Amino acid sequence: MAVHADPSASELPVSPLLDVSRLVVEIDTLQGPVRPVDGVDLRIEAGEIFGVVGESGCGKSLTALSILGLLPRPQGRIRSGSIRFEDQDLARLDERDLRRIRGNRIAMIFQEPMTSLNPVLGIGDQVAEALVIHRGLSRRDALAQAIHLLERVGIADARHRAHDFPHRLSGGMRQRVMIAMAMACRPKLLIADEPTTALDVTIQAQVLDLMDDLKAEDGVAVLLITHNFGIVAERAARVAVMYGGVVVEEASTEQLFEQPRHPYTHGLLAAVPQLGRRRDGMRPHPLSEIPGMVPNLARPAPGCAFADRCALRVEACLRERPPLAAVAPGHRVRCHVTGVSAQ
Ligand SMILES: Nc1ncnc2c1ncn2[C@@H]1O[C@H](COP(=O)(O)OP(=O)(O)OP(=O)(O)O)[C@@H](O)[C@H]1O
Ligand code: SF4
Ligand SMILES: [Mg+2]
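Residues numbered from 1 in each chain as written. Chains lettered and ligands numbered in written order. Predicted model: local features only at pLDDT ≥ 70, side-chain atom pairs only at ≥ 80, totals over all residues. Heavy atoms only, no water.

**A closer look at the environment of S252**
- Residue placement: S252 occurs in strand 10 (residues 246–252).
- Put simply, S252 and H331 are 79 residues apart on the chain and 7.0 Å apart in space, counted from C-alpha to C-alpha.
- Dropping the residues within four chain positions of it, S252 is found in contact with A237, R238, V239 and G330. (Helix = DSSP H or I, 4+ residues; strand = E, 2+ residues; numbered from the N terminus. Contact = heavy atoms within 4.5 Å.)

In structure tokens:
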């Protein structure tokens, strides 16, 4: 059995659209600095939907905010690592350069659109704004294009609705406006952080369908952050599972559901009964039977962050941090016991 300790050993194309490598985010707290993101690795290909899942507090949003240079200030910062996007390292850009990329080549939508929409500006003008700033369009041309974008995301009678303030729209419609804003400059990457969590199930599906369409028509890659494994199963081509500030498993969606390796992934899948079945009939290790709590940021474990809760733990798990190792082409696992190649 061969272990590929070097994460770069997995056989993915050499130059992904986004390559986050060993990203560490530090945040100052009253108890001192903590590292909620502690060595995250992610690779996203152009035009793919890439899911990120993991329990609350595992560092999903901070990872997304790091990519856009939007960490809370002044207490948060990128401590180390790199974020390669196209030909630049975003972790090393200053605010002026990041502003050129945000809303232009990389756009983001959040769970609650009202926090990002201006309550006293018509939705048409809000969509138009990015086109004026990044594309240098006149207000008039930008508004015409904004109306077209609003139509495209399914806002009926967009010409008239363009003058509405956000509070006149339903939650689903607001999220559509956010997507229209995000897509205005035809970004290469759309970061969607729990974009449908606040919506009811039917509207969720419509908003996700819309993202699927945009991926197909515009070739935009989507980094889709969610608590919901069902959404990942349906929508994502590849997926990363995060735990305690690191990626513990990264694979194609099919690999992850058919052959999950990391004990934490098994636990997550077991919590979703219809997704927990495996071809070989083995029962996944249920997370609910594993004692322990999510990791304490103020007292990081020297070894594996999951060791407290893991039924497969061996002695090395308490001492050494496992590497993210390739176990098969495109499948990486961070585990001393299960992160070994099948070949
Ligand atoms: N401004 C901040 N100051 C201190 N701690 C923070 C701050 N922002 C986030 N954290 C902590 O960092 C950890 C990771 O936060 P993050 O928001 O990335 O989690 P998440 O995976 O997105 O969770 P959720 O699924 O609940 O959105 C959490 O423990 C959180 O409490
Ligand atoms: S490294 Fe050890 S403790 Fe961590 S998930 Fe693997 S077996 Fe469990
Ligand atoms: Mg979050």
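The structure having been displayed, the exposition proceeds.
**Here we look at the site of ligand 1**
- Neighbouring ligand 1 are 14 residues; S56, G57, K60, S61 and L62 lie closest to it.
- In the model, an oxygen atom of ligand 1 is placed 2.4 Å from a nitrogen or oxygen of the S56 side chain.
- In the environment of ligand 1, an oxygen atom lies 3.1 Å from a nitrogen or oxygen atom belonging to the backbone of G59.
- In the complex, the protein chains occlude 66% of the 640 Å² of accessible area that ligand 1 would expose alone.
- Broken down by element, the residue count for the shell around ligand 1 peaks at three residues, all from helix 1 (residues 60–67). (Near = heavy atom within 4 Å. Polar contact = N/O pair within 3.5 Å; in protein donor to acceptor, adjacent residues only side chain to side chain. Areas by Shrake-Rupley, 256 points an atom, 1.4 Å probe, with all protein chains shown as cover.)

**Comments concerning the packing of aromatic side chains**
- One pass over the full model with this rule turns up four aromatic pairs.
- Arranged with centres 5.2 Å apart and planes meeting at 70°, the rings of F229 and F257 form a pair that is edge-to-face. Here F229, found in helix 8 (residues 229–235), pairs with F257, found in helix 9 (residues 253–258); they are 28 residues apart in sequence, far enough to count as distant.
- Here F229 falls in the buried class, since its relative accessible area comes to 4%.
- Classification of F257 by relative accessible area gives buried; the value is 11%.
- With centroids separated by 4.6 Å and ring planes inclined at 55°, the aromatic side chains of Y243 and Y264 adopt a geometry described as tilted. One end of the pair, Y243, is in strand 9 (residues 238–243); the other, Y264, is in helix 10 (residues 263–270), and 21 residues separate them in sequence. Each of the two residues, Y243 as well as Y264, counts as buried.
- Three or more aromatic residues link up through ring pairs in this structure, and these residues are Y243, Y264 and F306. (Phe/Tyr/Trp six-rings, centres within 6.5 Å; stacked < 30°, edge-to-face > 60°. Buried < 20%, exposed > 50% of the residue type's maximum accessible area, 1.4 Å probe, protein only.)

**Let's talk about the site of ligand 2**
- Lining the immediate surroundings of ligand 2 are H262, P263, C304, F306, A307, C310, L312, C317, P322, C335, H336 and V337.
- Across the shell around ligand 2, the residue classes break down as 10 nonpolar, two polar and no charged. (Nonpolar A, V, L, I, M, F, W, Y, C, P; charged D, E, K, R; others polar.)

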